[in-house]
Amino acid sequence: MAKYKIAWMPGDGVGNDVMNATRIVLDALQFDAEYIPADIGWEFWCTEGNPLPDRTIEILKQTDCALFGAITSKPRDEANEELDPSLRDKGLSYFSPIVKLRQLFNLHTNLRPCKAYPGNPLNKLGDDIDLVVFRENTEGMYGGVEWFPLPEEIYTAMCAPGYGNPKMVKWKDKGLENVALSTRIMSKQGCESICRQAFDYAKKFNRKSVTLVEKPNVLRETGGLMTRVFRDVAKDYTGGGIEAWEANIDAICMWMIKNPQDYDVLVAENMFGDIVSDLCAGLVGGLGFACAANIGDEYAVFEPTHGSAPKYDGKNCVNPIAMILTAKMMLDWLGEDELAHRLEAAVAEVIKENKIATYDVKGRDNNPNSTTEVAEEVARKVAQPVGA
Ligand code: IPM
Ligand code: MG
């Protein structure tokens, strides 16, 4: 029997290409796993009205963790149009299966390291960028509590004397049928957990600072709660030489482009973490290099930061390095340190040599290599001892 059971979820679009590529590398590493395919994504929405079938949830419950490629998400009206005609008018509505998985399995932490590997021609801002984003993964703006049109009772509650906002009346004037509402709900526990993990990580890996990304001057309650909790948690660590910095989301988008080397570990709630992690990916070569992990107390789903890029579906052309480094994060989480180390060293070498690379690195007119060729090159190197 294999040492690990891994749920295998390519999902949509280029998810299939990058997962196939990653498998070549995991096999070359002789990672001792049984891979259990699990259905997820757009196809299952269209044919079954459910992008995350119950059978998939059962598979996840029986595995150690999951590897996940990418998902296509479309806005409500488009999603309804693509639903099988026999399933229409049944009140089904599309939801993002990955957002749901994060909530269902309480994968509260989205860890997104963004490291510039030396020699990558896309490292326009330097080879010495090494950022790690801790994104709260189940709360905030992506908690799924939304309305359109705005129900009368919600409106009334928001106007209630004592805690409501008297300016709310303007929405009534516009007609509640014209008003949409998405909420940002954050708990003290959620804020504390993500802040503590960011500081624990900084301590473990000798990082110099942790920066909170928020907007408490406007989002006074949610941003205010996060900021207070961050300051409280920081007190337990700053004695150890870790600096605690605070930045507004808008300002940090500018500062990180100007002086990315100033930053180290970043911590944010769900939406700001989503935004800032794409920005960080852009600093180290783009989404083709950005790996990520959704981590809970008992389970984890490893998925790169990038999406399904439908226009490249089946073309075997996108960069598999983000997904391969995501598999490296899985090996870390499983405690397979030696394999993780070999895998990262092989990726670093392939990037440094800059001979075999996909179109995002080489350019379209420069004979770029395929997704598979990059994976095979990494696989060749993992099979050799480090430094050989
Ligand atoms: C990500 C993606 C997802 C998110 C989408 C596809 C739901 O942008 O993982 O960063 O916003 O979390
Ligand atoms: Mg994102």
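Residues numbered from 1 in each chain as written. Chains lettered and ligands numbered in written order. Predicted model: local features only at pLDDT ≥ 70, side-chain atom pairs only at ≥ 80, totals over all residues. Heavy atoms only, no water.

Novice: Outline the domain arrangement of the chain, listing residues and values.
Specialist: Where interface size is quoted, it is often the accessible area lost as the parts come together. The domains assigned to the chain are domain 1 (1-108 + 290-388), domain 2 (130-142 + 184-283) and domain 3 (146-182). For domain 1 and domain 3, the distance between their C-alpha centroids amounts to 41 Å. (Domains from an automatic or database assignment.)

Novice: Mind laying out the pattern of salt bridges, listing which residues take part and the relevant values?
Specialist: A full pass over the atoms with the stated rule returns 28 salt bridges. A salt bridge links Asp77 to Arg76; the shortest N-O distance between them is 3.6 Å. Note that Arg342 and Glu338 form a salt bridge whose closest N and O atoms lie 3.2 Å from each other. One end of the pair is Arg342 and the other is Glu338, both in helix H13 (residues 337-353) and 4 residues apart, which spans about a single turn. On the basis of relative accessible area, Arg342 is assigned to the buried category, the value being 18%. Relative accessible area serves as the criterion here: at 49%, Glu338 is assigned to the partly exposed category. (Salt bridge = Lys/Arg side-chain N within 4 Å of Asp/Glu carboxyl O. Helix = DSSP H or I, 4+ residues; strand = E, 2+ residues; numbered from the N terminus. Buried < 20%, exposed > 50% of the residue type's maximum accessible area, 1.4 Å probe, protein only.)

Novice: Outline the site of ligand 1, supporting the account with residue identities and numerical values.
Specialist: The immediate surroundings of ligand 1 are formed by Ser96, Val99, Arg102, Arg112, Arg135, Tyr142 and Asp274. Between an oxygen atom of ligand 1 and a side-chain N or O atom of Arg102, the distance comes to 2.6 Å. Note that an oxygen atom of ligand 1 is positioned 2.8 Å from one of the side-chain N or O atoms of Asp274. Protein burial of ligand 1: of its 320 Å² of free accessible surface, 75% is covered by the chains. The residue makeup of the shell around ligand 1, split by class, is 2 nonpolar, 1 polar and 4 charged. Each of domain 1 (1-108 + 290-388) and domain 2 (130-142 + 184-283) accounts for three or more of the residues forming the shell around ligand 1. (Near = heavy atom within 4 Å. Polar contact = N/O pair within 3.5 Å; in protein donor to acceptor, adjacent residues only side chain to side chain. Areas by Shrake-Rupley, 256 points an atom, 1.4 Å probe, with all protein chains shown as cover. Nonpolar A, V, L, I, M, F, W, Y, C, P; charged D, E, K, R; others polar.)

Novice: Run through the packing of helix H8 (residues 188-204) against helix H9 (residues 222-238), naming residues and quoting values.
Specialist: Two numbers describe a pair of packed helices, the interaxial angle and the distance between the axes. Contact geometry of H8 with H9 gives a least axis separation of 9 Å together with a crossing angle of 35°. Considering only the axes of H8 and H9, their crossing is right-handed. Across the interface between the two elements, Lys188, Cys191, Glu192, Ile194, Cys195, Arg196, Phe199, Asp200 and Lys203 from H8 touch Leu225, Met226, Val229, Phe230, Val233, Ala234, Asp236 and Tyr237 from H9. Among the residues making up the contact of H8 with H9, the classes are represented as 11 nonpolar, no polar and 6 charged. (Axes fitted to C-alpha atoms, helices over the stretch in contact; angles between N-to-C directions. Left-handed = near helix turned anticlockwise from the far one by under 90°. Contact = heavy atoms within 4.5 Å.)

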